[in-house]
Amino acid sequence: MDLNQGQQGEIRSNWSLAEVRALHALPFADLIWHAQSIHRRHFDPNEVQVSTLLSIKTGACPEDCAYCPQSVRYDTGLERESLMDPGTVIERARAAKANGATRFCMGAAWRSPKDRDLDSVAEMVSGVRELGLETCATLGMLTPAQARRLKDAGLDYYNHNLDTSEDFYGEIITTRTYQDRLDTLAAVRDAGIHVCCGGILGMGEDASDRVALLHTLATLAPHPESVPVNQLVQVEGTPLAGTAPIDPIEFVRIIALARILMPRAHVRLSAGRSSMSDEMQALCFLAGANSIFYGEKLLTTGNPDTASDHALFGRLGIRPEPAAASG
Ligand code: SAM
Ligand code: DTB
Ligand code: SF4
């Protein structure tokens, strides 16, 4: 493979599966060098975007996603909570901003929101935006009209993951299709909201599934603005508890692949950081990850505490990315 190809800064959505496979198979040093050179063309390599998550409606979800502690079908001991009141959410966003977050992501355990729920979510979105934070939501499937409504309320990003390859998908979720997910992504894109879309590694998929997921993401035109790469957080009671963990070097390879294929996207080192060493996270940043979830909780599971993230940033000389430049 000619590593100088694609070094001209061009953004492509016509990647072939064979090209993605060949990149994935590169010797590790070549892959990281390639990813790091592309990263430096588009981003300050010492800046990382910082988002904070809040679960605004927790548990009792009708879907059967095999990884998820919030599905009503699995007994994970999670306490369900109804939709939070907008004032409380806005206060939590204010605290996240004071702690240094520039984006606030509100997640709800829904298959899709009811129109009446969107009244409250719209109030949250506009209130959070007034604080000067970027807004993100992940609420399940959306119709085009719901997406437009969220855009009008001031929503900057919508997170909706493909999770895995189309082939492996049926092993993980049966209550909605891959095409349903692509349709929601199209509705979000058409409404003019930035797309945040990625997946989960370590669910028992094989390398060809990971390559296929990256190929699907990188052939979306335009690419998602944010690409979260989650490592499965294994939760007792979910069908995926006890799955063999992914090889950390393979995880870093997928981060590098995301960076090379989607040069302008923010690649987020998402769930799973609590079980990663500082050295592993440093490798991910070197491979082109430039966003994290920051704050002691993801949605329902733990995340590194803010003091250890400050220490990590300090050790690596990383600065949080200012809000205006985020994408
Ligand atoms: N219910 C909505 C949906 O699924 O579209 C939004 C919230 S859902 C929790 C958001 C994403 O979190 C999922 O698509 C999945 O990628 C990720 N996620 C959920 N549980 C996870 C786990 N145990 N480990 C890693 N990622 C997880
Ligand atoms: C994403 O890709 N990862 C975040 C966010 N989008 C919503 C969620 C991770 C959830 C991990 C399990 C939990 O805390 O419930
Ligand atoms: Fe529900 Fe979302 Fe969890 Fe799936 S990932 S069970 S849709 S909360």
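Remember, predicted model here, so these are calculated numbers, not experimental data.

Calculation notes
Residues numbered from 1 in each chain as written. Chains lettered and ligands numbered in written order. Predicted model: local features only at pLDDT ≥ 70, side-chain atom pairs only at ≥ 80, totals over all residues. Heavy atoms only, no water. Helix = DSSP H or I, 4+ residues; strand = E, 2+ residues; numbered from the N terminus. Rg over C-alpha atoms; globule rule 2.2 N^0.38 Å. Buried < 20%, exposed > 50% of the residue type's maximum accessible area, 1.4 Å probe, protein only. Lys, Arg positive; Asp, Glu negative; His and termini not counted. Charge placed at Lys NZ, Arg CZ, Asp CG, Glu CD. Arc of directions from axis to C-beta. Contact = heavy atoms within 4.5 Å. 1 Å grid on protein atoms, 1.4 Å probe; cavity = no way out; pocket = protein on both sides within 12 Å on 5 of 7 lines; lining within 4 Å. Points joined across faces, edges and corners; volume = space filled by probe spheres on them. Nonpolar A, V, L, I, M, F, W, Y, C, P; charged D, E, K, R; others polar. Near = heavy atom within 4 Å. Sits in = over half its atoms within 2 Å of the grid points. Areas by Shrake-Rupley, 256 points an atom, 1.4 Å probe, with all protein chains shown as cover. Pairing = 2+ DSSP bridges. Right-handed = clockwise from strand over helix to strand, strands pointing away.

## Here's the deal with the overall build of the protein chain
In step 1: A count of helical and extended segments in the protein chain gives 11 helices and 10 strands.
In step 2: Here the C-alpha atoms of the protein chain give a radius of gyration of 18 Å, agreeing with the 20 Å that 2.2 N^0.38 yields for 327 residues.
In step 3: Looking at the 327 residues of the protein chain, the share that counts as buried comes to 58%.
In step 4: If the 30 positive side-chain charges of the protein chain are averaged to one point and the 41 negative ones to another, these points end up 4 Å apart.

## Observations regarding helix H1 (residues 17-24)
For an α-helix, 3.6 residues make a turn, and residues three or four places apart therefore share a direction.
In step 1: Those residues of H1 not exposed but buried are Glu19, Val20, Leu23 and His24. Buried residues along H1 cover an arc of 135 degrees about the axis, so they all sit on one side.
In step 2: The secondary structure elements touched by the buried residues of H1 are helix H2 (28-42), helix H8 (207-218) and helix H9 (248-261).

## Structural notes on empty space enclosed by the protein
In step 1: One pass over the full model with this rule turns up 3 cavities of 30 Å³ or more.
In step 2: In this structure, the largest cavity spans a volume of roughly 820 Å³.
In step 3: If you go around the largest cavity, you meet 38 residues; those closest to its centre are Tyr67, Cys68, Gln70, Asn161 and Leu299.
In step 4: Of all elements in the fold, only strand S2 (103-108), strand S3 (134-138) and strand S7 (226-231) reach the threshold of two or more residues within the lining of the largest cavity.
In step 5: Of the residues assigned to the lining of the largest cavity, the class counts are 21 nonpolar, 12 polar and 5 charged.

## Digging into the site of ligand 3
In step 1: In the neighbourhood of ligand 3, the contacting residues comprise Cys61, Glu63, Cys65, Tyr67, Cys68, Ser71, Ala109, Trp110 and Arg176.
In step 2: A majority-of-atoms criterion places ligand 3 in the largest cavity.
In step 3: Residues that form the shell around ligand 3 fall into these classes: 6 nonpolar, 1 polar and 2 charged.

## So, the layout of surface pockets
Over the atoms rolls a probe the size of a water molecule, and in doing so it shows where empty space is left.
In step 1: As a volume, the largest pocket reaches approximately 440 Å³.
In step 2: Surrounding the largest pocket, 22 residues form its lining, Leu53, Leu54, Arg92, Lys297 and Leu298 being those nearest its centre.
In step 3: Looking at the lining of the largest pocket, the elements that each hand over two or more residues are strand S1 (47-57) and helix H3 (86-98).
In step 4: Looking at the lining of the largest pocket, the element that brings in the most residues is S1, giving 4 residues.
In step 5: Of the residues assigned to the lining of the largest pocket, the class counts are 10 nonpolar, 7 polar and 5 charged.
In step 6: Empty space within the second largest pocket amounts to approximately 220 Å³.
In step 7: Gln231, Leu232, Gln234, Pro245 and Ser275 are, among the 13 residues lining the second largest pocket, the residues nearest its centre.
In step 8: Looking at the lining of the second largest pocket residue by residue, the class counts come to 6 nonpolar, 7 polar and no charged.

## Overview of the site of ligand 1
In step 1: As a structural note, the neighbourhood of ligand 1 is formed by 16 residues, with Tyr67, Thr138, Asn161, Asp163 and Val233 the closest of them.
In step 2: Considering ligand 1 on its own, with 560 Å² of exposed area, one finds that the protein chains cover 91% of that surface.
In step 3: A molecule is said to occupy a pocket when more than half its atoms come within 2 Å of that pocket's grid points, and by this definition ligand 1 occupies the largest cavity.
In step 4: Of the residues in the shell around ligand 1, the class split is 8 nonpolar, 6 polar and 2 charged.

## Section: the pairing of S1
In step 1: Judged by how many residues are buried, S1 sits mostly within the fold: 11 of 11 residues are covered.
In step 2: Bridge analysis of S1 against strand S10 (residues 319-320) gives 2 bridges, and the strand direction is parallel. When the sheet's bridge partners are listed, Glu47 is paired in S10 with Arg319.
In step 3: Two strands pair when backbone bridges link them, and S1 and strand S9 (residues 291-293) are joined in this way by 3 bridges, in the parallel orientation. Across the sheet, the residue bridging to Val50 is Ile292, located in S9.
In step 4: Bridging between S1 and S2 involves 6 bridges; their strand directions are parallel. Residue pairing in the sheet places Leu54 in a bridge with Met106 of S2.
In step 5: This β-α-β element, S1 to H3 to S2, shows right-handed connectivity.

Taken by themselves, the reported measurements are silent on function.
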